[in-house]
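Fold and geometry: a report
Each chain, letter by letter, is given below.
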Amino acid sequence: MQNLLLHEKSGMNDSSRYKVNSVREPFTVKMAFLILRNLFMANYHIAPSILSANFAKLGEEIANVIDSGADIIHFDVMDNHYVPNLTIGPLVCEAIRPLTNAIIDVHLMVEPVDRIVPDFAKAGANIISFHPEASRHIDRTIGLIKEQGCKAGLVFNPATPLYYLDHVLDKLDLVLIMSVNPGFGGQKFILEALNKLKAVRKRIDAGSKKILLEVDGGVKVDNIAEIARSGADTFVAGSAIYSAGRDSDPHRYDTVVAALRAELAKV
Ligand code: DX5
Ligand code: ZN
């Protein structure tokens, strides 16, 4: 409960902050700074993955999910090479950027990584995360993301060892633990991810830097509390949110986002 209060105090639930309409002020560097600062001060963040949204109505789907109280837009980029699926690229990021002031959290499932990083930065991404197996030079890729003015994240597949954090943890802004094998929405949560989250939480807490600990894959209303107890603070949810839209909700996803937050309030 305390966590939720802190969350509300920080203003992350203030939907006016993310107002989506045609007269919205242009997105400025100052706005990006304030939003990122709030993000790193709040306790729990809900990050709907637009992979499960209705792509024929993408702008509306993004506006609705943020107006329903979600915090971050999780943007899954797949290349049919690093993962066996093909999704969206910088052009789509650029197209949605003017629609929301919410953080855009780009999850790159592409190989190679470096060539595409500046394109996403220019397209308005706030956080860019990549898989260590997909980069020849992990430290260089982290540096590149930061040079481009974005926050940097490193992503761990279910079987990827955590030693990739050994020499770079203090350079990261986010660690993303995959709780499914990357490539598709709607898969089942792999329980071993809970142990991994606990291990990363210890490593983050041993340092002084604020680093987000995100989890991605199979997150639902009925397991989000246990995942939070294992140390995650940022929760990607695709199918759980986008399959639970209700015509009777003012913004389609109010009920499901509230249910996720109610579970987090029990932690
Ligand atoms: C999987 C993607 C996820 C996916 C999550 O490779 O990285 O972000 O969309 O979807 P759900 O929540 O349905 O498991
Ligand atoms: Zn993802």
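The structure this text deals with has already been given above.
Our subject in this report is the structure included herewith. Because the structure is a prediction, the values reported are computed rather than measured.

Another point: the packing of aromatic side chains. Aromatic ring pairs are defined here through the distance separating the ring centres and the angle between the ring planes. Under the counting rule described, the total for this entry stands at 4 aromatic pairs. For the pair Phe-75 and Phe-120, a centre-to-centre distance of 6.0 Å together with 75 degrees between the ring planes defines the contact as edge-to-face. Of this pair, Phe-75 sits in strand E2 (residues 72–78) while Phe-120 sits in helix H5 (residues 117–122), and the two are 45 residues apart along the sequence. Each of the two residues, Phe-75 as well as Phe-120, counts as buried.

This brings us to the nonpolar core. Grouped together as the largest cluster of nonpolar side chains are 73 residues, with contacts concentrated most on Ile-50, Phe-75, Leu-108, Phe-120, Val-175 and Phe-235. With 5 residues, helix H7 (residues 192–206) is the largest single contributor of residues to this core. The residues touching Ile-50, leaving out its near neighbours within four places in the chain, are Phe-55, Leu-58, Ile-62, Ile-73, His-74, Phe-75, Ile-88, Ile-96 and Tyr-242. The next biggest cluster of nonpolar side chains, apart from the first, holds 13 residues, and it includes Ile-35, Ile-103, Ile-127 and Val-155.

Distances from the zinc ion (ligand 2) to its protein donors, His-74 (NE2), Asp-76 (OD), His-107 (ND1) and Asp-216 (OD), fall within 2.0 to 2.3 Å. Coordination at the zinc ion (ligand 2) is octahedral, judged from the 6 donor atoms that bind it and the angles of 68 to 171 degrees they form at the metal.

This part takes up the site of ligand 1. Close contacts around ligand 1 come from 20 residues, with Asp-76, Gly-183, Asp-216, Gly-238 and Ser-239 the closest. Separating an oxygen atom of ligand 1 from a backbone N or O atom of Gly-183 is a distance of 2.8 Å. Within the contact set of ligand 1, an oxygen atom lies 2.7 Å away from a side-chain nitrogen or oxygen of Asp-216. When ligand 1 is considered free in solution it has 380 Å² of accessible area, and contact with the protein chains removes 100% of it. Secondary structure elements with two or more residues in the shell around ligand 1: E2, strand E3 (103–109) and strand E8 (234–237).

Another aspect to go through is the environment of His-137. Summarising the element assignment, His-137 is placed in the loop between strand E4 (127–130) and helix H6 (138–147). Note on His-137: relative accessible area 44%, which makes it partly exposed. Distance in space between the C-alpha atoms of His-137 and Val-113 is 9.8 Å, their sequence separation being 24 residues.

A few words now on the environment of Ile-190. Mapped onto the elements, Ile-190 comes out in the loop between strand E6 (174–178) and H7. Take Ile-190: its relative accessible area is 30%, and that puts it in the partly exposed class. C-alpha separation for the pair Ile-190 and Pro-158, spaced 32 residues apart in sequence, amounts to 7.7 Å. In contact with Ile-190, not counting residues within four places along its chain, are Pro-158, Ser-179, Val-180 and Asn-181.

All right, on to the pairing of E2 then. In terms of residue burial, E2 counts as a mostly covered element, since 7 of its 7 residues are buried. Burial of E2 is two-sided: the residues Ile-72, His-74, Asp-76 and Met-78 facing one way and the residues Ile-73, Phe-75 and Val-77 facing the other way are all buried. Across 7 bridges, E2 lies against E3 in parallel orientation. Counterpart to His-74 in the pairing with E3 is Asp-105. In terms of handedness, the path from E2 via helix H4 (residues 90–96) over to E3 forms a crossover that is right-handed.

Quick notes on the rules
Residues numbered from 1 in each chain as written. Chains lettered and ligands numbered in written order. Predicted model: local features only at pLDDT ≥ 70, side-chain atom pairs only at ≥ 80, totals over all residues. Heavy atoms only, no water. Phe/Tyr/Trp six-rings, centres within 6.5 Å; stacked < 30°, edge-to-face > 60°. Helix = DSSP H or I, 4+ residues; strand = E, 2+ residues; numbered from the N terminus. Buried < 20%, exposed > 50% of the residue type's maximum accessible area, 1.4 Å probe, protein only. Core = buried A, V, L, I, M, F, W, Y, C linked by side-chain atoms within 4.5 Å. Contact = heavy atoms within 4.5 Å. Donors = N, O, S within 2.8 Å, 3.2 Å for Na, K, Ca; no water. Tetrahedral: all angles 85-135°; square planar, octahedral: opposite > 155°, others 65-115°. Near = heavy atom within 4 Å. Polar contact = N/O pair within 3.5 Å; in protein donor to acceptor, adjacent residues only side chain to side chain. Areas by Shrake-Rupley, 256 points an atom, 1.4 Å probe, with all protein chains shown as cover. Pairing = 2+ DSSP bridges. Right-handed = clockwise from strand over helix to strand, strands pointing away.

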